[in-house]
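# Coordinate analysis (summary)
Each chain is listed here by its residues.
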Amino acid sequence: KVSDLEFAVETAKAWKAAGVRTTIFSYPRYDDGPTKNLPVITPKFLSEYFNAFNGITSGTDISELNFNPYSFSALNQFVQARLLFDVRADVAALTREFCAFAYPGAEKETAEFHDVMENLYRQRKSVALDPFVDIYDAANLEKPMRLLDEAKKKSPGSALLEKLHADFKEVFKKSQDSKGKSAE
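Residues numbered from 1 in each chain as written. Predicted model: local features only at pLDDT ≥ 70, side-chain atom pairs only at ≥ 80, totals over all residues. Heavy atoms only, no water.

Let us now look at the overall build of the protein chain. Each helix and strand counted, the protein chain has 10 helices and zero strands in total. Mapped in sequence order, the helices and strands of the protein chain form the string α-α-α-α-α-α-α-α-α-α. Going through the 184 residues of the protein chain one by one, you find that 29% of them count as buried. Across the protein chain, the fraction of contacts at a sequence separation of at least 24, relative to all contacts at a separation of at least 6, is 61%. Accessible area of the protein chain: about 12500 Å², with a carbon and sulfur share of 57%. (Helix = DSSP H or I, 4+ residues; strand = E, 2+ residues; numbered from the N terminus. Buried < 20%, exposed > 50% of the residue type's maximum accessible area, 1.4 Å probe, protein only. Contact = heavy atoms within 4.5 Å. Areas by Shrake-Rupley, 256 points an atom, 1.4 Å probe, with all protein chains shown as cover.)

The following block contains the structure:
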């Protein structure tokens, strides 16, 4: 029960008051011997658990998704979840499945967009190098922008596509604004 964790909540509050940054380390499914291989399904508990620590620890209010648009992480989240169940799953098929669900009518263009973007990222020379003078140079982002423009025409009203298009359009504009830096 979450109420059984009151000691941990109070300790985290005391640490926060003392200026200590704490992080939650938890499992999506508690693994104890007696319930091994049994259906321990607890999504409501997980929500209660995270909310009990929300704002007290960094683990519940800071995440990878708080600093990045979800539209750029959604496919990764989907594929990661599916690979947890079948590590040998066909990633191209998973990408097509995700795109068909998230961007109906524009599966081809959005799957190609994701493929192009992964190929660009995997060519990154160094994490220390400004991505706008490396992989996200304006010339490299013209094709993905065109693919999303085409996809938007084929899937009007898709909220996920609208968000992806808007978020990527900002990146594309930044890449164009950085053209001079790339030339240097």
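A few words now on a nonpolar patch on the surface. The grouping of Tyr70, Phe101 and Leu160 at the surface amounts to a nonpolar patch, some 350 Å² of accessible area in total. Position of leucine 160 among the secondary structure elements: in helix 9 (residues 159–177). In this structure leucine 160 comes out as partly exposed when scored by relative accessible area, which is 36%. (Patch = residues over 30% accessible without salt bridge, like charges linked within 9 Å, V, L, I, M, F, W, Y side chains within 5 Å. Salt bridge = Lys/Arg side-chain N within 4 Å of Asp/Glu carboxyl O.)

As a further point, take the environment of serine 73. The topology assignment puts serine 73 in helix 5 (residues 70–85). Separated by 91 residues in the primary sequence, serine 73 and leucine 164 have C-alpha atoms spaced 10.0 Å apart.

Next up on the list: the nonpolar core. Of all hydrophobic cores here, the largest spans 28 residues; its most connected members are Tyr103, Leu141 and Phe168. Going through the elements one at a time, helix 5, helix 6 (91–102), helix 7 (107–121), helix 8 (138–154) and helix 9 are the ones with two or more residues in this core. In terms of nonpolar packing, the next biggest core, distinct from the first, is built from six residues, Val9, Ala12, Ile24 and Tyr49 among them. (Core = buried A, V, L, I, M, F, W, Y, C linked by side-chain atoms within 4.5 Å.)

With that out of the way, let us pick up the pattern of salt bridges. Applying the stated criterion across every chain yields a total of 10 salt bridges. Of the charged contacts in the structure, one is a salt bridge between arginine 82 and glutamate 97, with a shortest N-O distance of 2.8 Å. Here the residue arginine 82 occupies a position in helix 5, and glutamate 97 occupies one in helix 6, the gap between them amounting to 15 residues. With relative accessibility at 38%, the residue glutamate 97 sits in the partly exposed group. Its salt-bridge partner being aspartate 177, residue lysine 173 comes within 3.0 Å of it at the nearest N-O pair. Linking lysine 173 with aspartate 177, this pair stays in helix 9, spanning four residues, or about one helical turn. Lysine 173 gets classed as partly exposed once you look at its relative accessible area, which sits at 48%.

Contact geometry of helix 8 with helix 9 gives a least axis separation of 10 Å together with a crossing angle of 155 degrees. In terms of orientation, helix 8 lies roughly antiparallel with respect to helix 9. The chirality of how helix 8 crosses helix 9 is left-handed. From helix 8, Ala138, Leu141, Glu142, Pro144, Met145, Leu148, Asp149, Ala151 and Lys152 reach across to helix 9, where they touch Leu161, Glu162, Leu164, His165, Phe168, Lys169, Val171, Phe172, Ser175 and Gln176. (Axes fitted to C-alpha atoms, helices over the stretch in contact; angles between N-to-C directions. Parallel < 35°, antiparallel > 145°, perpendicular 65-115°, else oblique. Left-handed = near helix turned anticlockwise from the far one by under 90°.)

A separate point is the environment of methionine 145. Tracing the sequence through the fold places methionine 145 in helix 8. Not counting the four nearest positions on each side in its chain, methionine 145 is found in contact with His165, Phe168, Lys169 and Phe172.

To continue, consider the environment of histidine 165. Considering the arrangement of structural elements, one finds histidine 165 in helix 9. When the C-alpha positions of histidine 165 and leucine 148 are compared, they lie 6.1 Å apart, and in sequence the two are 17 residues distant. Those residues in contact with histidine 165 that sit more than four places away from it in its chain are Met145, Leu148, Asp149 and Lys152.

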